[in-house]
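Coordinates in review
Residues per chain, in single letters:
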Amino acid sequence: MAHSASARPEPHPPRPFAIPQRGSSLAGKAYWAMVQRVALTAAAIDGGYIVLFLWLGSLPLAAVNLVSIAMYLGAYRLIQSRYNAAALALIWLEVVGHAALGSLLIGWNSGFHYYLLLFIPAIVIANTRGFAAPMVIALLAYYLGLQVLCDHLGPLAPLPPLSVKIVNWIHICLVFAMSAALAAFYRRTILIAEGRLRKQATLDPLTGLNNRSHFEALAAHTLARGQRDGTPIALLLCDVDHFKRVNDQYGHAVGDEVLVAMARTLSQSLREGDVLARWGGEEFLALMPASPLDAACATAERIRAAVQATPMEVGPAPLSLTMSFGVAQVHGADDLQAAIVRADKALYEAKHAGRNRVSVA
């Protein structure tokens, strides 16, 4: 399939609950925007908790949630001021402290401790320096210590059993929802990383066309299908005339723009089923299924004439450029490399004959 439009390497996906460098990438900005949304959502939930605990008659817990709102809003403002690490520490402190205070005030059965379990996947997935196991062990020690302390002290500000059960049910629902959201975030992060790696493995980073290895893989399928159908397959090899002169006169940045523009022109001029690749340097290679040699030559001539007639809008001024083409017939999957050699020889003949022309093997 022909590819159009250039594709630059995508930024690395964010690592959840890690600390990206301050403003270092689009991924980092997206990550901290997500943390800001989490802080605002948590503040809104705590606002609902204030109403709940006032209704249940627990003024201490209503006061705790008031402090929690202030901490989450403070974290939000810290991220706005780009104090990202401090904001993340404030959020962690709120969750750890809130879980402890809620459990001590109305008892372990209230379910405040469920929120601590959300730290486990965050610690394990985000940690890349070997500190995951000690941190999980420390969290486990905190969790068990909090339970022992709650069992020893009993509820410091007890509520009726039905009220405690209502709070527990609410916590179960919220933790289920937050776990699902966290899993979805991790899944999306993994899919983004997989997509980026797939593009790096199969596409040329400058033009967004297939690279050599991916072209060969796609060509194998195309040639096998052509052999089954008995249809002719053509190969088109081309490059930009006097490309070194462009680089020397205008610089490599303009040279890159020329290659991107040529890739776009080729993609738009070929059929959807044609396999197009950047073959190396300023060379492009296209495999054209169900295409006799004369049809491939006509396509090459049409592209050549279009490039010659249309100056490229790159660099300080439009550049008038030309391309040379070598066309060959492919006689089966085993003939691909030999056909590339024949097309290369035809391209050399086009160059030797004065460039800006189509030569047939």
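Residues numbered from 1 in each chain as written. Predicted model: local features only at pLDDT ≥ 70, side-chain atom pairs only at ≥ 80, totals over all residues. Heavy atoms only, no water.

Another aspect to go through is the overall build of the chain. From N to C terminus, the chain includes 12 helices and five strands. Against the compact-globule benchmark of 21 Å for 361 residues, the chain has a radius of gyration of 32 Å, which places it well outside the compact range. Across its three principal axes, the chain shows a C-alpha extent of roughly 95 × 50 × 35 Å. Of all intrachain contacts in the chain linking residues separated by at least 6 positions in sequence, the fraction that spans at least 24 positions is 69%. (Helix = DSSP H or I, 4+ residues; strand = E, 2+ residues; numbered from the N terminus. Rg over C-alpha atoms; globule rule 2.2 N^0.38 Å. Contact = heavy atoms within 4.5 Å.)

As a further point, take the pattern of salt bridges. Across all of its chains, the model carries seven salt bridges by this definition. A salt bridge links arginine 278 to aspartate 204; its shortest N-O distance comes to 3.3 Å. With a gap of 74 residues between them, arginine 278 in strand β2 (residues 275-280) and aspartate 204 in the loop between α7 (161-202) and α8 (212-229) connect regions that are remote in the sequence. The two residues arginine 278 and aspartate 204 agree in class, both being buried. Notably, a salt bridge pairs aspartate 248 with lysine 244, separated by 2.8 Å at the nearest N-O pair. Highlighted residues: aspartate 248 and lysine 244, both in helix α9 (residues 243-250), separated by four residues, approximately one helical turn. Taken as a pair, aspartate 248 and lysine 244 share a single burial class, namely exposed. One salt-bridge network, held together by shared partners, links Asp239, Asp241 and Lys351. (Salt bridge = Lys/Arg side-chain N within 4 Å of Asp/Glu carboxyl O. Buried < 20%, exposed > 50% of the residue type's maximum accessible area, 1.4 Å probe, protein only.)

Mapped onto the elements, histidine 221 comes out in helix α8. For the pair formed by histidine 221 and isoleucine 340, sequence separation is 119 residues and the distance between their alpha carbons is 17 Å.

Mean pLDDT over the chain works out to 87, with 91% of the residues at or above the 70 mark. Here residues 1-24 is modelled with pLDDT under 50, and outside its nearest four sequence neighbours on either side it reaches 79 contacts, counting other chains as well. (pLDDT = per-residue confidence, 0-100.)

A few words now on the sheet that holds strand β3 (residues 283-289). Sheet architecture is open: five strands sit in the order β2-β3-β1-β4-β5, paired in mixed fashion. Whereas interior strands pair on both sides, the edge strands pair on one side only; in this sheet they are β2 and β5 (358-360). Taking each pair of neighbouring strands and ignoring which way they run, the sheet shows an average axis angle of 20 degrees. As paired elements, strand β1 (residues 233-240) and β3 share seven bridges and run antiparallel to each other. From the neighbouring strand, leucine 236 faces β3, where its bridge partner is alanine 286. Against the sheet, helix α11 (residues 293-309) contacts β1, β3, β4 (323-330) and β5, and its axis sits at roughly 170 degrees relative to β4. Its contacts with the sheet place helix α12 (residues 336-352) against β1, β2, β3, β4 and β5, and it is angled at close to 150 degrees to β4. (Pairing = 2+ DSSP bridges. Axes fitted to C-alpha atoms, helices over the stretch in contact; angles between N-to-C directions.)

Our next topic: the packing of aromatic side chains. In the structure shown here, the tally under the stated rule is five aromatic pairs. Taking the centre distance of 6.2 Å and the plane angle of 20 degrees together, the rings of phenylalanine 53 and phenylalanine 112 count as stacked. Here phenylalanine 53 is found in helix α1 (residues 26-56), whereas its partner phenylalanine 112 is found in the loop between α3 (84-106) and α4 (114-117), with 59 residues between them in sequence. Accessibility expressed as a relative area gives 2% for phenylalanine 112, which makes it buried. (Phe/Tyr/Trp six-rings, centres within 6.5 Å; stacked < 30°, edge-to-face > 60°.)

Right, let's talk about the state of the cysteines for a bit. Under the criterion given, the structure shown has zero disulfides. Unpaired in this structure, cysteine 297 has its nearest cysteine sulfur neighbour in cysteine 238, at a distance of 13 Å. (Disulfide = S-S within 2.5 Å.)

Within β1, eight of the eight residues are buried, leaving the element largely enclosed by the surrounding structure. Burial along β1 is two-sided: the face carrying Ile233, Leu235, Leu237 and Asp239 and the face carrying Ala234, Leu236, Cys238 and Val240 are both buried. Taken together, the eight bridges between β1 and β4 define a ladder with antiparallel strand orientation. When the sheet's bridge partners are listed, leucine 235 is paired in β4 with alanine 328.

The next subject is the pairing of β2. Across the six residues that make up β2, a large majority, five, are buried. Sheet topology places β2 next to β3; five bridges connect them, and they run antiparallel. Paired with valine 275 across the two strands is leucine 287, which belongs to β3. Hairpin geometry of β2 and β3 is characterised by an intervening segment of two residues between the two adjacent antiparallel strands and by a positive phi of about 60 degrees at glycine 281.

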